[in-house]
Amino acid sequence: MKQGRLAWLKHLVLLPLAGLFAFPFYWLLVMSTGRTSDIFGSPPRLIPGTEFFANLGRLLESVNFLQAFANSAVVSISATLLTVAVAALSGFVFATFRFPGRNWLFGILLATMTLPTGVMLVPTLQIYVDLGWINTYLPLLVPGAASAFGIFWMRQAARESVQYEVIEAARVDGASFLRVFWHVGLPALRPAIAGFTVFQFMWNWNEYLWPLLVLNDSNLYTLPVALQQLNGSYGTSDYPVVMVATLLATIPLIVLFLLFRRQVMSSVNSGAVKG
Amino acid sequence: MTLMTRPRTRPSARQTLKQRSVWTYWREYLAISPFFILFAVFGLFPLVYALYLSTVSWDGLGKMTPVGFDQFIRLFTSGEFQSALSNTVVIFLTAQVPVVVAALGAAALLSSRRLAAKGLYQTLFFLPQVTSIVAVAIVFQSLFSNEYGIINSGLQAVGLDKVPWLSTEWGTRLVVSIMIFWRSFGYFVVIFLSGMSSIPPSLYEAARLDGAGSLRIFRSITIPMIWPTILFVAVTGTISGFQIFTEPQVLTNGLGGPNDSVVTMMFLQVRYMGGTTQTVPTDLGFATAIGWGIFAVLILLAAINARVMGKRRKEAS
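A quick note: this is a predicted structure, and the numbers were derived from the prediction, not measured.

Along the backbone of chain B there are 14 helices and two strands. Radius of gyration (C-alpha) of chain B: 26 Å, far over the 20 Å computed for a compact globule of 317 residues. Taking the principal axes of its C-alpha atoms as reference, chain B extends roughly 85 × 75 × 35 Å. The proportion of buried residues among the 317 residues of chain B is 48%. Restricting to contacts in chain B with at least 6 residues of sequence separation, those with at least 24 account for 63%. Roughly 15,200 Å² of accessible area belongs to chain B as shown, and the carbon and sulfur atoms make up 66% of that amount.

This is the structure we're talking about:
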């Protein structure tokens, strides 16, 4: 009985809190389905309207939003696949193969994670300029292809789940290096790969700083940059258009998260993921 | 373990098991090489390059002018970096610290095994974490808009005055902090919950039999047991908290807010690169010096963290 009362008290705290956290999403929905006059009215409209498709139409007419959407999809998917493939192979090799200097090299890899080299923006940008990478997607794909954090994660997973007997047996049977990885490593790493892929995709989809710095051509903009530009130019005149774009940019990740909720949560749970 | 340390046994025509040349491991080295190559090119080389760039003044287009240590003198004397550092610290203290404390409390409430709708709460709290910071900033810009924002409309509806959120220094800082709070709360809740789930229930039962109350149990069992998790959160949260950029940049349309009140260190660096709304003349040399400033602050924080963690570990053992 005491337990029951305690549970009620907990819900009394948690329920309003949950409402508070859901409100910005609800408000985004309200604003993207209303008219400008609803938003600037007094009192403002509090429930979703019926103008969603009209707003969407104006958005598609005025800016190349679909292009940005496609750009984001292409960049995020390729960057994610690349990073996950490199991390899985490197992590697997670090975990299950023995070679001179292995522990030493892995120590270096771990040490680089504490070195905040990422804050040096100017020389990095200058390297991209010298390589002719401005207004290409290469800066968003190549430097991040090998993630120390991802390799660390995959190595941990491989140490826990790969059975060395299986690898030995495969080698005795004369299986090649890549075949061992393909037939033994990948299946054993599957849960870790799923978690890492979802996370990596979310980071790539939301990446803002580097696209802002290296993409000057509006046809190449990814969603966050396109959204920021849209907000700058339409924010004062046509609010619902900005809100429709914001809503559309948000939906893919929410759907992805709801589909893979368990993998994402357990990845956070393994304490492996940065904030 | 023993299986792992055993050398590869695949026979090869060229060598015996005992004396394998390093070169026969080329597949292994090739497989792990991408990280080391990319780190050398995009991690280490920029540091060397940055030494040089911080000794020039350059708008990125014309000629570089060598200026010696002037950029560093400017870094220490112009006051811009100091005010960016203090803005960063203020936002960190008003956002990151409260969110960790609040998340700890919420995780304690959620940690009981029989609580209904536990998964639903977790999902709802986590959802902001998966949304783009740019999208979040745009929504918060409108929520806290001075004239037509729903927050001010709500305040007026209950008879209070409007708050000039985005046109005052502290208002803008507060909105940035609330954004960070909203976006990272669920992530910390999930981390703390996982830490709490590994505490053996027998500990709680024993404490309850001894007549300990909920608060006492939280203080004397939960907190000490999840201390490693708390430290992990403190370290990662500090490092990312000191690199805040997107929230203030989008919220203020790239301008930095009233009196540059939300110009953080990263924001200042990007501003001098000409990468955001142009309010200062581009100077890549000064931007590089700012980069060194941020680098130094983060190294210092990492050292402090390592010290504190080492101390704690000693106390624990």
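Under the criterion given, the structure shown has six salt bridges over all chains. Salt-bridge contacts for Arg35 of chain A lead to Glu51 of chain A; the nearest nitrogen and oxygen are separated by 3.3 Å. Of this pair, Arg35 of chain A sits in the loop between helix 1 (2–32) and helix 2 (36–39) while Glu51 of chain A sits in the loop between helix 2 and helix 3 (52–62); the two residues are 16 residues apart in sequence, bridging distant segments of the chain. Exposure remark for Glu51 of chain A: the relative accessible area of 17% places this residue in the buried category. The salt bridge involving Asp283 of chain B is made with Arg74 of chain B; its shortest N-O contact spans 3.2 Å. With a gap of 209 residues between them, Asp283 of chain B in the loop between helix 13 (265–272) and helix 14 (284–316) and Arg74 of chain B in helix 3 (residues 70–77) connect regions that are remote in the sequence.

Right, let's talk about empty space enclosed by the protein for a bit. Tallied over the entire structure, the rule returns four cavities of 30 Å³ or more. Every residue along the wall of the largest cavity is listed here: Pro24, Phe25, Leu28 and Thr250 of chain A together with Thr131, Ala135, Val136, Val139, Phe140 and Trp182 of chain B. For the lining of the largest cavity, the secondary-structure elements that each account for two or more residues are helix 1 of chain A together with helix 6 (133–143) of chain B. Ranked by residue count, the leading element in the lining of the largest cavity is helix 6 of chain B, at four residues.

A few words on the packing of aromatic side chains. The full count for this structure, using the stated rule, is 41 aromatic pairs over all chains. In this structure an aromatic cluster arises from ring pairing among Phe21 of chain A together with Tyr121, Phe125, Phe181 and Phe185 of chain B. Sitting above the plane of the Phe286 of chain B ring, Arg74 of chain B keeps its charged end 3.9 Å from the centroid. A cation over a ring is seen here: Arg173 of chain B above Trp170 of chain B, with NZ or CZ 4.5 Å from the ring centre.

What follows concerns the packing of helix 5 (residues 102–114) of chain A against helix 8 (residues 148–161) of chain A. All names here are of chain A. Remark: helix 5 packs on helix 8, axes separated minimally by 9 Å, with the N-to-C direction vectors making an angle of 130°. As far as their axial angle goes, helix 8 and helix 5 are oblique. Note that helix 5 runs across helix 8; the crossing there is left-handed. Residues Phe106, Leu109, Leu110, Thr112 and Met113 of helix 5 lie in contact with helix 8, whose contacting residues are Ala148, Phe149, Ile151, Phe152 and Arg155.

Moving on to helix 5 of chain A. Residue and element names in this part refer to chain A. Within the sequence span of helix 5, burial applies to Arg102, Leu105, Phe106, Leu109 and Thr112. The buried residues of helix 5 occupy an angular sector of 115° when the element is viewed end-on, so they sit on one face. Exposed positions of helix 5 whose direction lies more than 90 degrees from the buried face are Asn103, Trp104 and Thr114.

Before going further, it helps to spend a moment on the nonpolar core. Grouped together as the largest cluster of nonpolar side chains are 187 residues, with contacts concentrated most on Phe92 of chain A together with Phe126 and Phe192 of chain B. For this core, the element with the highest residue contribution is helix 8 (residues 169–197) of chain B, accounting for 14 residues. When residues no more than four places from it in sequence are discounted, the contact partners of Phe192 of chain B are Val100, Ala103, Leu104, Ala107, Ile226, Thr229, Ile230 and Val233 of chain B.

What counts and how
- Residues numbered from 1 in each chain as written.
- Chains lettered and ligands numbered in written order.
- Predicted model: local features only at pLDDT ≥ 70, side-chain atom pairs only at ≥ 80, totals over all residues.
- Heavy atoms only, no water.
- Helix = DSSP H or I, 4+ residues; strand = E, 2+ residues; numbered from the N terminus.
- Rg over C-alpha atoms; globule rule 2.2 N^0.38 Å.
- Buried < 20%, exposed > 50% of the residue type's maximum accessible area, 1.4 Å probe, protein only.
- Contact = heavy atoms within 4.5 Å.
- Areas by Shrake-Rupley, 256 points an atom, 1.4 Å probe, with all protein chains shown as cover.
- Salt bridge = Lys/Arg side-chain N within 4 Å of Asp/Glu carboxyl O.
- 1 Å grid on protein atoms, 1.4 Å probe; cavity = no way out; pocket = protein on both sides within 12 Å on 5 of 7 lines; lining within 4 Å.
- Points joined across faces, edges and corners; volume = space filled by probe spheres on them.
- Phe/Tyr/Trp six-rings, centres within 6.5 Å; stacked < 30°, edge-to-face > 60°.
- Lys NZ or Arg CZ within 6 Å of the ring centre and 35° of its normal.
- Axes fitted to C-alpha atoms, helices over the stretch in contact; angles between N-to-C directions.
- Parallel < 35°, antiparallel > 145°, perpendicular 65-115°, else oblique.
- Left-handed = near helix turned anticlockwise from the far one by under 90°.
- Arc of directions from axis to C-beta.
- Core = buried A, V, L, I, M, F, W, Y, C linked by side-chain atoms within 4.5 Å.

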